[in-house]
Structure formats: C-alpha cells, structure tokens
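Structural description and commentary
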Amino acid sequence: MKSICFVTLFVMSISCSLAQDSISGVFENGISYMRIENYPTAIEILSKVLKENPDHGYFRKGYYNLGKAYFLNKNYDSASVILNSVLIRKFSDNHKQDEQYISDSYYKSLACYNLFELYLEIKQFDSAFYFLDLKYGENLYLGSCGTGYSYLRKDLDQARVLIAMGNYTEAKKLIFNTLFRLDEILPSEGVEILKSLYIKEGKYRNLKKALDKSSKKVYMRPTDKGYNNYYFKFQKLEIYLGSIPCLDLESKECREEFVQSIKRSEFYIMIDELSRMQ
C-alpha cells in the first residue's frame, strides 16, 4: 500500500513539474515573438498565459515583458499602465521561483528604463527625466557594471533627452564626460550620439581643425585624493581625459603623448570623418 502511495505521489509530482515546464515554455514562446518583432502575437500569448497562471514563477518576467511588448508595439497607454504596475506591485514568493532568482528591483529598474524610453519617444520630457532619475536612484538596481558605469550611462541618457529638447550645449557637456573613460562601450555610444548631433546642427566643417588645436592645450587639476585629473577644452566645453600618473605638462614628450592619445580615440576619428564630408 505504501508503495502504491509513493508511486502515486511521484507520478503527481512529475505531472506537476511537466505542467510547470509547459507553462514556462508558453511564457518563453511569447517572449520569443518579441525577438522577431512580432509584438501583437507576443501580447496575445503573454496576456493569455498571465491571466491563466497568476501564481506561476515566470509571472514577474512575463508581466514585465508584456509591458515592454506594448511599448514596442507603440501601445503607449497600455504599456504605461503595466510598466507602472511593475513598479508598485508586490510579487508573491511563488513569483520568485524563476530558473534563476532575480530581485524585484531588477524588474523595477527595467520597467523604469522602458518608461523613460516611452516618454522620451512621445516627447513628455519631464516624465522621461523622472523615470531616468528613478532608475538610477539608490533604491533601484544599478546594473552589474557598477555605479560608476551606471552614472555615466545616465549622462548619455540625459543627453538624449536634452537633444530632443533642443538643448545641444548641455547635451554635449554630458557626452564629453564619457568620451575618454576606460570602458569600451560608453565612449562608442557617446561618439554615435555626438555624430548624429553634429550632423543635425550641420556645423562640422572646421571641427577637426579646432580639435587639433585644442588637443595641444591639455591642462591638469589636482584632486584632494592625491592625483591629477587632465582635461582639454573643445567648443568651449571641458573634456575629461583621465587621471594619469606622471605627467609633466611642461614636457614636450608628455604633451605629444596626450595629442596622440586624443588622435587614437573614436571621438577624433569621428570628427575627422565628418570633416571629410564637406
């Protein structure tokens, strides 16, 4: 009799596991339609499976992705409602049984960024700034790259809003802050944003000449931590070059090294390409 009960329970647990796996597969199927930009189908699948399985471990992931699918499909009102719900909703313990546990703050951070993108797209700039500040606030997930990366990332995102608002000077200030950071991703993104901005302005004929002149005028500013920060000015705006040991700015060799490091940058290469366009 005990053997029969054990077998019965074992079969039931397998059936339950298979059912959970099947539901998880439906969630992933809905998300897969987003990858091929079939957002209406993704919305249909995710809406149905979320309604029928409100206690499933994939609920949080599916709920966030439903909001994102609405956003990408330009259903902004529905996207806003769902993504805002992600920020205030209390998920149950069942919702935390994903394949790999991810904290609620992670999904809230993603929802904030999608809301930022949404309001930027529809030109509601105050709301865009609000959700950007919320994403990078102390109480939300800042990203695996660390807070330094995150705040530089915020500079680029703020610059995108300022460009959309027509405030090009303030946008350049923020982008210039990222151009010579050691990270390989941020400078590239900053350069691309700057390139589109210069093209929009239509004023890039003499940029290379001005940059060559500016690169020869590097200056330093000591910090209270015992090292020096190095800068140069371009278009009347300060560009941070880094905290580099050594350097005797009175030395011709030292100044030439700065000039060459600027010429090797993606920023300089982009300016050179623009100058050749006219």
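Here the structure is a predicted model, which means the values were calculated and not measured.

What follows covers the side chain of Asp212. Structurally, the position occupied by Asp212 is in helix H10 (residues 207-214). Within polar-contact distance, the side chain of Asp212 engages the side chain of Tyr268 at 2.6 Å. Setting aside anything within four residues of it in sequence, one finds Asp212 in contact with Lys263 and Tyr268.

Each regular strand displays side chains that alternate between the two surfaces of the sheet. Burial of strand S2 (residues 228-234) is extensive: five of the seven residues sit out of reach of the surface. The pairing of strand S1 (residues 219-222) with S2 spans four bridges and is antiparallel. Residue pairing for S2: Met220 is matched across the bridge by Tyr230. In this structure, S2 lies alongside strand S3 (residues 237-242), joined through five bridges in antiparallel fashion. Opposite Tyr230, over in S3, you have Gly242 as the bridge partner.

Moving on, we get to the pattern of salt bridges. One side chain can pair with another of opposite charge once the charged atoms of both are near each other. Counted under the stated rule, the structure contains 14 salt bridges. The partner of Lys154 in a salt bridge is Asp133, and the shortest N-O contact between them spans 2.9 Å. Here Lys154 is found in helix H7 (residues 147-165), whereas its partner Asp133 is found in helix H6 (residues 125-135), with 21 residues between them in sequence. Accessibility expressed as a relative area gives 15% for Lys154, which makes it buried. Residue class for Asp133 comes out partly exposed when judged on its relative accessible area of 40%. A salt bridge links Glu189 to Arg153; its shortest N-O distance comes to 2.5 Å. Linking Glu189 in helix H9 (residues 185-201) with Arg153 in helix H7, this pair joins segments that are 36 residues apart in sequence. The class of Glu189 is partly exposed, set by a relative accessible area of 28%.

This brings us to the confidence of the model for the protein chain. For the protein chain, per-residue confidence averages 80 on the pLDDT scale, and residues scoring 70 or more make up 78% of the total. Long-range and interchain partners of residues 1-20, a stretch whose pLDDT sits below 50, account for one contact in this model, where long-range means more than four residues apart. Counting interchain partners and residues more than four positions distant, the pLDDT-below-50 stretch residues 97-101 has six contacts.

Now for the sheet that holds S2. Taking strand neighbours across the sheet as the criterion, the three strands line up as S1-S2-S3 in an open arrangement whose pairing is antiparallel. Among the strands making up the open sheet, the edge pair consists of S1 and S3. Averaged over neighbouring strand pairs, the angle between their axes works out to 40° when direction is ignored.

Let's shift gears to the pairing of S3. For S3, the buried fraction is high: five of the six residues fall into the buried class. What sits between S2 and S3 in their antiparallel hairpin is a turn of two residues, with Gln235 showing a positive phi close to 55°.

Below, the discussion takes up the packing of aromatic side chains. The geometry of an aromatic ring pair is captured by two quantities: the separation of the ring centres and the angle between the planes. Within the structure shown, the criterion is met by 13 aromatic pairs. Both rings, one in Tyr64 and one in Tyr107, keep their centres 6.3 Å apart while their planes meet at 55°; by these two values the pair is tilted. Within this pair, whereas Tyr64 is found in helix H3 (residues 59-72), its partner Tyr107 is found in helix H5 (residues 104-121), the two being separated by 43 residues in sequence. Each member of the pair Tyr64 and Tyr107 is classed as buried. Their ring planes at 40° and their centres at 5.3 Å tell us that Tyr230 and Phe258 sit as a pair that is tilted. Residue Tyr230 is located in strand S2, and its partner Phe258 is located in helix H11 (residues 252-263); the two are separated by 28 residues in the primary sequence.

Rules used throughout
- Residues numbered from 1 in each chain as written.
- Predicted model: local features only at pLDDT ≥ 70, side-chain atom pairs only at ≥ 80, totals over all residues.
- Heavy atoms only, no water.
- Helix = DSSP H or I, 4+ residues; strand = E, 2+ residues; numbered from the N terminus.
- Polar contact = N/O pair within 3.5 Å; in protein donor to acceptor, adjacent residues only side chain to side chain.
- Contact = heavy atoms within 4.5 Å.
- Buried < 20%, exposed > 50% of the residue type's maximum accessible area, 1.4 Å probe, protein only.
- Pairing = 2+ DSSP bridges.
- Salt bridge = Lys/Arg side-chain N within 4 Å of Asp/Glu carboxyl O.
- pLDDT = per-residue confidence, 0-100.
- Axes fitted to C-alpha atoms, helices over the stretch in contact; angles between N-to-C directions.
- Phe/Tyr/Trp six-rings, centres within 6.5 Å; stacked < 30°, edge-to-face > 60°.

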